[in-house]
Structures are given as C-alpha cells and as structure tokens.
Amino acid sequence: MFFLVFAIGLKKCNVKQIAVLNKGINFVILKTKTMTADQIKQFIKGGEWVSITPEVRTSITKTATGDMAPFYCTRIFKYTDGDRFECTLINYADANGKVPLVKFVIKGHNIWQGEHPLAEGVYKLDYVADESYEITPLHQGFADAINKAPAAGINKWEVNVTQDVKGKAFPLFGLADGIYTDYDLVYIYNDMLFNGSKNVDGRPFDKPENRPTNLQVPLVRK
C-alpha cells in the first residue's frame, strides 16, 4: 500500500500534515491537527508515559578525554488534575539499561508558559519540583562516588535508601538552594509525548534561557 505524507503549513486550518492513503483506486485524505495547550493538558492525564527504550543524552560531566559523557536513562511521567506531575527517571551505567545506578522521583506542578517558536503545537512547560525531589542510589559504586561530595543537610548515601533533597543545595546534581524548576517543552504527535532534548553542551534546563530548542525522543502511553 502506497503511503505518502506531505508537510504543509496551513495555520488557518491548524493542520500540520496531510496523509494520502492509496486504497486501490480510492484515496483517503487524513488531516492531523495540532493540539492547543488545554487539549494537551487533558490528553496527557491518566496512565503512564514511558520511554520506548533506554535513552541517551549529554550529561554535565565529561570523560577523561574532555568529551561530554553520555547519560543513559529511562523516564516515566504521570500527569494528574491540578497540573500535577510525577516523573521517575532511572540512570544506567550502560546503553542497554542493564545496570541501574540511581533513581530520581520528582513530584510537583506544571506551569504553562505559552507557545514556543520551534513548531506549531509546541508549548513551553515548566516542571516545578515543589512537592519532592527524591534520590535513591541503586548501585554501591554510585553511592560511594556521590558520598565523596557531601552537602549540608544530606545524609550519607546508601543503596536503596531514599533521600528527599527538595530545596537543598546538591551541586553534584546541579541543584541549588530553593525549589528546582525544569524549563522544558511539550508536544503531542501521533499520540506520542515529546519533551525537550537536552542541550548539546550538557546545560540543565534550570533557567528560562536554557530551555531546549529541540525535541527529545518521545514517550508512549503505557
């Protein structure tokens, strides 16, 4: 079956693509519309949004040769009423996700900041970790490594023991005093959820000027 997608810019119709399907001698035109912020809010609620496969991104650390170290992870997002979110991120030592190092569980609220010029239907979304920022080491080597950088108000790290560092300074993870906010993006395409792609130089999304300008690989609804 022949399938062709034409990317077009019909803003008046709020159409981002036309799919032409050849079914014998009949052609069916399918129009896909971009979502408004309110439509995305409703669409993403309920269930879990999960990584398709372990993801790779740049980190804030460098290798011995001075290159940006890869950061392997999986993500799970949940969105609920009141613009609440919960994000579970597991960092791995390997690209296949076989050796987990640490788990982050971040809970808080979303603030919608309007459209982003990247593309029609992309919105600026702030993830405010005002409920919790939990860190759980999953590997002894990782716990030993972060214990070499103690921080005020944080206990010694132990495997499978969770600490909530909300509002605390922990420079090793790029956390300063106060509530951490991730200045991110959100976009829905073909029922997949896209957030922003990490900056190529490893900068976190900790300032509005560090908001991403590209999209990360998508999450799918579980």
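Residues numbered from 1 in each chain as written. Predicted model: local features only at pLDDT ≥ 70, side-chain atom pairs only at ≥ 80, totals over all residues. Heavy atoms only, no water.

**Remarks on the overall build of the protein chain**
So, step 1. In terms of regular secondary structure, the protein chain is built from two helices and 13 strands.
So, step 2. In the protein chain, buried positions account for 39% of the 222 residues.
So, step 3. A sequence separation of at least 24 residues applies to 49% of the contacts in the protein chain between residues at least 6 apart.
So, step 4. Looking at the protein chain as shown, the accessible area adds up to about 12200 Å², and 55% of this sits on carbon and sulfur atoms. (Helix = DSSP H or I, 4+ residues; strand = E, 2+ residues; numbered from the N terminus. Buried < 20%, exposed > 50% of the residue type's maximum accessible area, 1.4 Å probe, protein only. Contact = heavy atoms within 4.5 Å. Areas by Shrake-Rupley, 256 points an atom, 1.4 Å probe, with all protein chains shown as cover.)

**Some thoughts on empty space enclosed by the protein**
So, step 1. In the structure shown here, the tally under the stated rule is one cavity of 30 Å³ or more.
So, step 2. Here the largest cavity defines a volume of roughly 40 Å³.
So, step 3. Forming the walls of the largest cavity are Tyr-133, Val-165, Lys-166, Gly-167, Lys-168, Leu-175, Ala-176, Gly-178 and Tyr-180. (1 Å grid on protein atoms, 1.4 Å probe; cavity = no way out; pocket = protein on both sides within 12 Å on 5 of 7 lines; lining within 4 Å. Points joined across faces, edges and corners; volume = space filled by probe spheres on them.)

**A closer look at the confidence of the model for the protein chain**
So, step 1. With 84% of its residues at a pLDDT of 70 or more, the protein chain shows a mean pLDDT of 85.
So, step 2. Here residues 1-31 is modelled with pLDDT under 50, and outside its nearest four sequence neighbours on either side it reaches 52 contacts, counting other chains as well. (pLDDT = per-residue confidence, 0-100.)

**So, the layout of surface pockets**
So, step 1. There is about 1000 Å³ of room inside the largest pocket.
So, step 2. Taken together, 39 residues make up the lining of the largest pocket; nearest its centre are Phe-71, Phe-104, Tyr-133, Phe-173 and Lys-198.
So, step 3. Those elements that place two or more of their residues in the lining of the largest pocket are strand S5 (55-62), strand S6 (68-80), strand S7 (84-92), strand S8 (100-115), strand S9 (123-137), helix H2 (140-146) and strand S11 (181-189).
So, step 4. Class assignment of the residues belonging to the lining of the largest pocket gives a composition of 24 nonpolar, nine polar and six charged. (Nonpolar A, V, L, I, M, F, W, Y, C, P; charged D, E, K, R; others polar.)

**Remarks on the pattern of salt bridges**
So, step 1. The final tally for this structure, using the stated rule, is nine salt bridges.
So, step 2. A salt bridge links Lys-45 to Asp-81; the shortest N-O distance between them is 2.7 Å. Of this pair, Lys-45 sits in the loop between helix H1 (37-44) and strand S4 (49-51) while Asp-81 sits in the loop between S6 and S7; the two residues are 36 residues apart in sequence, bridging distant segments of the chain.
So, step 3. Residue classification places Lys-45 among the partly exposed positions, given a relative accessible area of 25%.
So, step 4. The exposure class of Asp-81 is exposed, given its relative accessible area of 56%.
So, step 5. Members of the salt-bridge network, linked through shared partners, are Glu-48, Lys-78 and Lys-222. (Salt bridge = Lys/Arg side-chain N within 4 Å of Asp/Glu carboxyl O.)

**A word on unusual backbone geometry**
So, step 1. In this structure, Asp-83 is a non-glycine residue whose phi angle is positive, near 55°.
So, step 2. Among the structural elements, Asp-83 can be located in the loop between S6 and S7.
So, step 3. Look at Asp-191: it is not a glycine, yet its phi comes out positive at around 65°.
So, step 4. Among the structural elements, Asp-191 can be located in the loop between S11 and strand S12 (192-195).
So, step 5. You can call Asp-191 exposed: its relative accessible area is 53%.

**Focus on the packing of aromatic side chains**
So, step 1. Here the structure, examined in full by the defined rule, presents 13 aromatic pairs.
So, step 2. Here the aromatic rings of Phe-77 and Tyr-79 are separated by 5.8 Å at their centres, their planes lie at 10°, and the arrangement is stacked.
So, step 3. Its relative accessible area of 6% is what places Phe-77 among the buried residues.
So, step 4. Through successive ring pairs, a cluster of aromatic residues spans Phe-104, Tyr-133, Phe-142, Trp-157, Phe-170, Phe-173 and Tyr-180.
So, step 5. The ring of Phe-205 carries the charged tip of Lys-198 above its face, separated from the ring centre by 3.8 Å.
So, step 6. Its guanidinium or amino end placed over the ring of Phe-43, Arg-221 lies 5.1 Å from that ring's centre, counting from NZ or CZ. (Phe/Tyr/Trp six-rings, centres within 6.5 Å; stacked < 30°, edge-to-face > 60°. Lys NZ or Arg CZ within 6 Å of the ring centre and 35° of its normal.)

**Focus on the environment of Val-186**
So, step 1. Relative to the helices and strands, Val-186 resides in strand S11.
So, step 2. Residues Val-186 and Val-122, 64 residues apart in the sequence, show an inter-C-alpha distance of 5.9 Å.
So, step 3. Residues in contact with Val-186, not counting those within four places in the same chain, are Ile-40, Trp-112, Gly-121, Val-122, Tyr-123, Leu-125, Leu-193, Phe-194 and Asn-195.

**Quick word on the state of the cysteines**
So, step 1. Applying the stated criterion to the full structure yields zero disulfides.
So, step 2. Residue Cys-73 stays outside any disulfide, its sulfur separated by 8.8 Å from that of Cys-87, the closest cysteine.
So, step 3. In this structure Cys-73 comes out as buried when scored by relative accessible area, which is 0%.
So, step 4. Overall, the relative accessible area of 8% leaves Cys-87 in the buried class. (Disulfide = S-S within 2.5 Å.)

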